[in-house]
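Read off the chains here:
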Amino acid sequence: MHVAVYVPLLLCLLAPLGARPLSERCEPRLATWLLTASALVLGAASTVSLGLLAATGLLRVPQLAGLGHWSAHTAQRDAPTELSVALIAGLLLGGALVTAARMLWRRARTLAAAAVDAACMPARDGLVVVDDEVPDAFAVPGLPGRIVVSTGMLDRLDRTERAILLAHERAHLTGHHFVFVALAQLGASANPLLRPLAAAVTYTIERWADEDAAARTGDRGRVARTVGKAALAQHSRPAPLRPAGAVLGILGFPGRRGPLASAGPVPRRVAALLAPPLDRHRILAAVTAAVLAAATLATAEAARDLHLLLETVGAS
């Protein structure tokens, strides 16, 4: 436990370094899965590690040790961490649990509101056309979900570009991209060091939808032009307000943010579409799997060591 309990925390420090390579060099669908799994596993592992460290501090308090019939004297002698470390871990653990619980509650409310909004939208084949000159397009998750497009956006696109836009938005719904974003944000809420992973997921789901639209239309260059054209159209107008739970659309902008908030990813998406499709990059996938396995095994080993410590102080 002297070493294993700190491994997940160290990996969380290093994990953001892999966010950009995964999002830029790996096939978007696989990159989304790997980044989401990394945020979840590392967030959970680091939270458990903090809990294990905090538990060693509780064993040092005679009153608390007496509740479990443990020897506080033996715990003070054999505990693998200092009391100050255990106290800091306890504070960080409390913050992580509160933040994660708040995020879960807010996300549940948002998705429920999105489902209600989707159910109330009159649609034809899942498409809702809004009479609004401000160009916008996004997907609203629900049972079933809805694709919302403004007349201002449709007026700026030709027939082929409209088909590309709809294919992009349908990919968000059929791929359940809002789930990946929510899970990645959950991991990041438990450990702020993982926020770059969650941010990368919001980019890779856009790339995933871009590639799906390119596969359906068979013209990567035309999809790239449509992405750029839609972004320029939205940039020329004030940012519209989207309903709660709206999935990132072809513009790549989260709801209720300014038009320049996410300008960076759009050129990267266009450049990726103009280049050959990315492969699965097995080396990056293998490295990511190894990192997650190391975090999981280290957490399990630390938990086992704490169990042995409890047996020792209990027998004293």
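Residues numbered from 1 in each chain as written. Predicted model: local features only at pLDDT ≥ 70, side-chain atom pairs only at ≥ 80, totals over all residues. Heavy atoms only, no water.

1. Here's the deal with the overall build of the protein chain
Okay, so step 1: For the protein chain, the helix and strand inventory stands at 13 helices and three strands.
Okay, so step 2: In the protein chain, buried positions account for 47% of the 316 residues. (Helix = DSSP H or I, 4+ residues; strand = E, 2+ residues; numbered from the N terminus. Buried < 20%, exposed > 50% of the residue type's maximum accessible area, 1.4 Å probe, protein only.)

2. So, the pairing of strand S2 (residues 137-140)
Okay, so step 1: Of the two faces of S2, both are covered, the one formed by Ala137 and Ala139 as well as the one formed by Phe138 and Val140.
Okay, so step 2: Relative to strand S3 (residues 146-150), S2 runs antiparallel, the two sharing four bridges. Following the sheet pairing, valine 140 is matched in S3 by arginine 146.
Okay, so step 3: Linkage of S2 to S3, two consecutive antiparallel strands, is achieved through a turn of five residues. (Pairing = 2+ DSSP bridges.)

3. Re the environment of alanine 86
Okay, so step 1: Mapped onto the secondary structure, alanine 86 falls in helix H6 (residues 83-120).
Okay, so step 2: Between the alpha carbons of alanine 86 and alanine 55 there is a distance of 7.3 Å; along the sequence they are 31 residues apart.

4. Things to note about the sheet that holds S3
Okay, so step 1: If you trace the three strands from one edge of the open sheet to the other, you get S1-S3-S2, paired in mixed fashion. The open sheet has two edge strands with one neighbour each: strand S1 (127-130) and S2. Pairs of neighbouring strands in the sheet enclose a mean axial angle of 25 degrees, with direction left out of account. (Axes fitted to C-alpha atoms, helices over the stretch in contact; angles between N-to-C directions.)

5. A look at the nonpolar core
Okay, so step 1: Residues Leu35, Leu42, Leu194, Leu197 and Val201 are the most contacted members of the largest nonpolar core, which totals 28 residues.
Okay, so step 2: Those elements that place two or more of their residues in this core are helix H1 (7-14), helix H2 (19-25), helix H3 (28-58), helix H9 (177-190), helix H10 (195-217) and helix H13 (282-315). (Core = buried A, V, L, I, M, F, W, Y, C linked by side-chain atoms within 4.5 Å.)

6. Quick look at H3
Okay, so step 1: Between its first and last C-alpha atoms H3 spans 45 Å; for 31 residues at 1.5 Å apiece the expected length is 45 Å, and the two agree.
Okay, so step 2: The N-capping residue of H3, defined by a side-chain oxygen 3.2 Å from the backbone nitrogen of arginine 29, is glutamate 27. (Expected span 1.5 Å × (residues − 1). Polar contact = N/O pair within 3.5 Å; in protein donor to acceptor, adjacent residues only side chain to side chain.)

7. Focus: the packing of H3 against H9
Okay, so step 1: The contact between H3 and H9 brings their axes to 8 Å, and the two run at 30 degrees. Considered as vectors, H3 and H9 are oriented roughly parallel to each other. The way H3 lies across H9 gives a crossing that is left-handed. Listed contacts from H9 to Thr32, Trp33, Thr36, Ala39, Leu40, Gly43 and Thr47 of H3 are Phe180, Leu183, Ala184, Leu186, Gly187 and Ala190.
Okay, so step 2: Among the residues making up the contact of H3 with H9, the classes are represented as eight nonpolar, five polar and no charged. (Parallel < 35°, antiparallel > 145°, perpendicular 65-115°, else oblique. Left-handed = near helix turned anticlockwise from the far one by under 90°. Contact = heavy atoms within 4.5 Å. Nonpolar A, V, L, I, M, F, W, Y, C, P; charged D, E, K, R; others polar.)

8. Some points on the packing of aromatic side chains
Okay, so step 1: Summed over all chains, the structure comprises two aromatic pairs.
Okay, so step 2: Where tryptophan 33 meets phenylalanine 180, the ring centres are 5.0 Å apart and the plane angle is 80 degrees; that geometry is what we call edge-to-face. Separated by 147 residues along the polypeptide, tryptophan 33 in helix H3 and phenylalanine 180 in helix H9 bring together distant segments of the chain.
Okay, so step 3: With relative accessibility at 53%, the residue tryptophan 33 sits in the exposed group. (Phe/Tyr/Trp six-rings, centres within 6.5 Å; stacked < 30°, edge-to-face > 60°.)

9. As for H1
Okay, so step 1: Listed in full, the buried residues belonging to H1 are Pro8, Leu11 and Cys12. Mapping the buried residues of H1 onto a view down its axis gives an arc of 105 degrees, with all of them on the same face. (Arc of directions from axis to C-beta.)

10. Brief notes about the pattern of salt bridges
Okay, so step 1: Scanning all chains against the criterion turns up ten salt bridges.
Okay, so step 2: For lysine 229, the salt bridge is made with glutamate 161, and the minimal N-O distance between the two is 3.0 Å. On the criterion of sequence distance, the pair formed by lysine 229 in helix H11 (residues 220-235) and glutamate 161 in helix H8 (residues 159-174) is long-range, its members being 68 residues apart.
Okay, so step 3: Measuring nitrogen to oxygen at the nearest pair gives 2.9 Å for the salt bridge that ties arginine 216 to aspartate 212. (Salt bridge = Lys/Arg side-chain N within 4 Å of Asp/Glu carboxyl O.)

11. What about unusual backbone geometry?
Okay, so step 1: Positive phi, normally seen in glycine, also occurs at histidine 176, with a value near 50 degrees.
Okay, so step 2: You can see histidine 176 is positioned in the loop between H8 and H9.
Okay, so step 3: Exposure remark for histidine 176: the relative accessible area of 45% places this residue in the partly exposed category.
Okay, so step 4: Even without being a glycine, histidine 281 presents a positive backbone phi close to 50 degrees.
Okay, so step 5: Inspection of the secondary structure puts histidine 281 in the loop between helix H12 (265-274) and H13.

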